[in-house]
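# Notes for the structure review
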Amino acid sequence: MSTYLVVATVGLLFPFFEQRDKTQLLEGKVDWRGRIATKDKHGGQGPSSLILGTFACENMASLVLGVTLVTYFNGVMHYDIADAATQVTNYSGTSYILTVLVAILADTYIGRFKAVLISCWIEFLGLGLLAFQAHYPKYKPPQNCNILDPTSTCEKVGGKNAALLFIALYLVALGSAGIKSALPSHGADQFDENDKKETLQMSSFFNWLLLAVCIGGSISTTFIVWIQENKGWDWGFFVSTMAMFLGGIIFCLGLPWYRIFVIKGSSAITEIFQVYVAAVRNRNLQLPEDSADLYEIDEDKEAAIPAEFLPHTDTYKFLDKAAIQTSQQQSETPNPWKLCRVTQVENAKILLSMIPVFCCTIIMTLCLAQLQTFSIQQGFTMDTRITNKFHIPPASLPIIPIIFLIIIIPIYDQIIVPILRKFTGIPTGITYLQRVGVGLVLSALSMTAASILEVKRKQVARDNNMLDAIPILQPLPISVFWLSIQFFIFGIADMFTYVGLLEFFYSQAPKELKSVSSCFLWTSMSLGYFLSSIVVKVVNKATKKITNSGGWLVGNNFNRNHLNLFYLMLAVLSMVNFGIYLIVASRYKYRVQKIASDQDDSRVYASMEMKKSQEEN
């Protein structure tokens, strides 16, 4: 009885659960009971709103870790700032790289819905353990010292307590990885790519996905940060735990209405590897003059859905050798490691062509890592007062771009995109790669602004003879809101690049690899975080002998190091990366897809550039 009450309540709370005009079976998608999903009962904007709610709660729980963990490692666990920053970037990098593992499991074995469900409760457990450790003093090093005081000796966490810390932290990383890898794809599964109206709704879904991140992040970087600063780390982690619990409940409530993608039980990744193995094996064979002679199953005889067949393209011709069929193979069952379908080869080409785009986004995450670590620590040296009685925690600075994004995302999706659509003819306003490019430029500007601001901050310290001042006791007479400039610019970069990448990878990847395609974004972020750790160490080693501090970023005193030069180096590196991206993007050819007309049953063949559409069949 209670189950029916819950379902009825959710139906009232979410008016998007409307009845469609007609019942239509959805090929390849089922409901929670394993029956073929129908448009009148499953999917659409209603269930996707629950998925957005889950993502908002997950970000509410985890985003605070990205901006406060350095302080926690430094002030509570007694790591040096550089080491604390390295631990945080390693955690973030591991979380993002784990998305690949979970995505393969989701696409191949357990399904996207189950992957998200399991991940919610793993992250809940990890956050609970963090709250447990933060609450009991015996699980932490002695707190009778000040890590920022050069004369104070602090004991660093170790032994079983360190093991508890990292077990909890990496459970959070694993859970967060599962949600990030499978939830966006599961949300996009609620829309039919062969329905023109739902295709546009899916594009909006990716914009609203960032809005959900911002709403969750706004609570995380204000309310939860305030709790950590005023009530203690244990209460902060506890609130994060409860936020994750709420996210898991919200996700479960949508079960009766979800469209659940049917997994094959065989690895689509394996099929990609088969193409490369077959191409190597057939490297000495001659390609036929007519591509129609390459191997492909008969579409009419196989009664397969149209999306399983892709036309041959002339890119990466060396992979075409995997589809060369010899006379002997025509009379026997093909060995998939020696002979592959043209569609299988084209899928391999698509993934290969996305790799250069993927590589060009790594540097942006390298820049993001600095805002989440060094920029937050900069804030602790500055005046955090808003009024005489109210201070803003430095970890809450990301709220500035988040508030702007909460305002601008609906405007962008509902006003700017339709206007751009009229001029460009592209349903998304501008192409995915154009959107990514705008974000890359803005990230370079953010690092430039960060470098200029750091010069100003150090000059204030120098002018007031406060180069060796202890930040907590003597903050510099410069407002922390100066840091908001670099956060603001990078926040806009987020809206363009990361959402553009999610939509780009999802739209271009084979349907059996939608979760894996989403991981292109998270993997690039992972490599960016790991690269950050490497770059910090390399920069310190390279500048050890030319600076009095023993390296640009060595020590806990920002007033004596050279963070401004580090930011300037990242700005230059970002612009070089953008130049390479322009070459890569100009050479990329979008995947050809079939998109159904919303007026009748005919189909319109459109490239993903969506600038032109041909006549109906």
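Residues numbered from 1 in each chain as written. Predicted model: local features only at pLDDT ≥ 70, side-chain atom pairs only at ≥ 80, totals over all residues. Heavy atoms only, no water.

This next bit is on the overall build of the protein. For the protein, the count of helices and strands is 17 helices and seven strands. Counting contacts in the protein only where the partners sit at least 6 residues apart, residues at least 24 apart contribute 79% of the total. Surface accessibility of the protein: about 27400 Å² in total, with carbon and sulfur atoms responsible for 61%. (Helix = DSSP H or I, 4+ residues; strand = E, 2+ residues; numbered from the N terminus. Contact = heavy atoms within 4.5 Å. Areas by Shrake-Rupley, 256 points an atom, 1.4 Å probe, with all protein chains shown as cover.)

Turning to its location among the elements, K138 is positioned in the loop between helix 4 (112–135) and helix 5 (159–188). The exposure class of K138 is exposed, given its relative accessible area of 63%. A sequence separation of 23 residues divides K138 from N161, and the C-alpha atoms of the two residues are 8.5 Å apart. (Buried < 20%, exposed > 50% of the residue type's maximum accessible area, 1.4 Å probe, protein only.)

Tracing the chain through its elements places F520 in helix 16 (residues 514–542). Judged by its relative accessible area of 13%, F520 falls in the buried class. The spacing of F520 and I97 is 423 residues in sequence and 9.6 Å in space, taken between C-alpha atoms. Not counting the four nearest positions on each side in its chain, F520 is found in contact with L351, M354, I355, F358 and F505.

Looking now at helix 13 (residues 399–424). At Y412, helix 13 shows its largest bend, some 45°. For helix 13, every residue scored as buried is listed here: I399, P401, I402, L405, I408, I409, Y412, D413 and V417. Looking at the buried positions of helix 13, the neighbouring elements they touch are helix 2 (45–76), helix 6 (196–230), helix 14 (432–463) and helix 15 (484–508). G425 occupies a position one or two residues after helix 13 and carries a positive phi of about 75°. (Bend = angle between axes of the 7 residues up to and from the residue.)

Looking now at the confidence of the model for the protein. For the protein, mean pLDDT is 79; residues scoring 70 or higher make up 86% of the total. Ranking the elements of the protein by mean pLDDT puts strand 7 (residues 603–607) last, at 32, and helix 7 (residues 233–253) first, at 93. Here residues 301–307 is modelled with pLDDT under 50, and outside its nearest four sequence neighbours on either side it reaches nine contacts, counting other chains as well. (pLDDT = per-residue confidence, 0-100.)

Only one face of strand 5 (residues 476–479) is covered, namely the face carrying L476 and I478; the face carrying P477 and S479 is uncovered. Of the strand pairs in this sheet, strand 4 (residues 382–383) and strand 5 are connected by two bridges, and their pairing is parallel. Note that in strand 5 the partner of D383 across the bridge is S479. (Pairing = 2+ DSSP bridges.)

The end-to-end C-alpha distance of helix 8 (residues 268–281), which contains 14 residues, comes to 20 Å, matching closely the 20 Å that a straight helix rising 1.5 Å per residue would cover. For helix 8, the set of buried residues is A268, I272, Q274, V275, A278 and A279. Buried residues of helix 8, viewed axially, fall in a sector of 150°; they line one side. (Expected span 1.5 Å × (residues − 1). Arc of directions from axis to C-beta.)

Right, let's get into the nonpolar core. Most often, soluble globular proteins keep nonpolar side chains buried together rather than apart. Residues Y72, F206, M354, F504 and F566 are the most contacted members of the largest nonpolar core, which totals 165 residues. Sort the elements by how many residues they give to this core and helix 2 lands first, with 16 residues. For F206, the residues in contact, after removing those within four places along its chain, are A188, V499, L502, E503 and Y506. (Core = buried A, V, L, I, M, F, W, Y, C linked by side-chain atoms within 4.5 Å.)

Turning next to the packing of helix 6 against helix 15. Interhelical geometry of helix 6 versus helix 15 gives an angle of 140° and a closest axis separation of 10 Å. Here helix 6 lies oblique to helix 15, going by the angle between them. Crossing handedness for the pair helix 6 and helix 15: right-handed. Packed against helix 6, whose contacting residues are M202, S203, F206, N207, L209 and L210, the element helix 15 presents D494, M495, V499, L502, E503 and Y506 at the interface. Residues of the contact of helix 6 with helix 15, tallied by class, amount to eight nonpolar, two polar and two charged. (Axes fitted to C-alpha atoms, helices over the stretch in contact; angles between N-to-C directions. Parallel < 35°, antiparallel > 145°, perpendicular 65-115°, else oblique. Left-handed = near helix turned anticlockwise from the far one by under 90°. Nonpolar A, V, L, I, M, F, W, Y, C, P; charged D, E, K, R; others polar.)

Attention now goes to the pattern of salt bridges. By the definition in use, this model includes nine salt bridges. With a closest N to O distance of 2.8 Å, K349 and D320 form a salt bridge. Placement of the pair is K349 in helix 10 (residues 342–359) and D320 in the loop between helix 9 (299–302) and helix 10, with a sequence separation of 29 residues. Among the charged side chains, a salt-bridge network with shared partners connects D320, E346 and K349. (Salt bridge = Lys/Arg side-chain N within 4 Å of Asp/Glu carboxyl O.)

On the surface, I403, I407, I411, I415, I416, I419 and F423 cluster together into a nonpolar patch covering about 660 Å² of accessible area. Here I416 is to be found in helix 13. Note on I416: relative accessible area 30%, which makes it partly exposed. (Patch = residues over 30% accessible without salt bridge, like charges linked within 9 Å, V, L, I, M, F, W, Y side chains within 5 Å.)

The next point concerns unusual backbone geometry. Backbone geometry at H78 places phi at a positive 65°, although glycine is not the residue there. Positionally, H78 belongs in the loop between helix 2 and helix 3 (81–110). Phi angles above zero are rare outside glycine, and N465 is one such case at about 50°. You can see N465 is positioned in the loop between helix 14 and strand 5. Assessed through its relative accessible area of 74%, N465 is described here as exposed.

On to the packing of aromatic side chains. Taken as a whole, this structure holds 23 aromatic pairs when the rule is applied. Arranged with centres 5.2 Å apart and planes meeting at 65°, the rings of F504 and Y588 form a pair that is edge-to-face. Of this pair, F504 sits in helix 15 while Y588 sits in the loop between helix 17 (563–587) and strand 6 (592–596), placing them 84 residues apart in sequence. Summarising the burial analysis for this pair, F504 and Y588 share the class buried. It is K456 that lies over the ring of W482; its NZ or CZ is 4.9 Å from the centre. (Phe/Tyr/Trp six-rings, centres within 6.5 Å; stacked < 30°, edge-to-face > 60°. Lys NZ or Arg CZ within 6 Å of the ring centre and 35° of its normal.)

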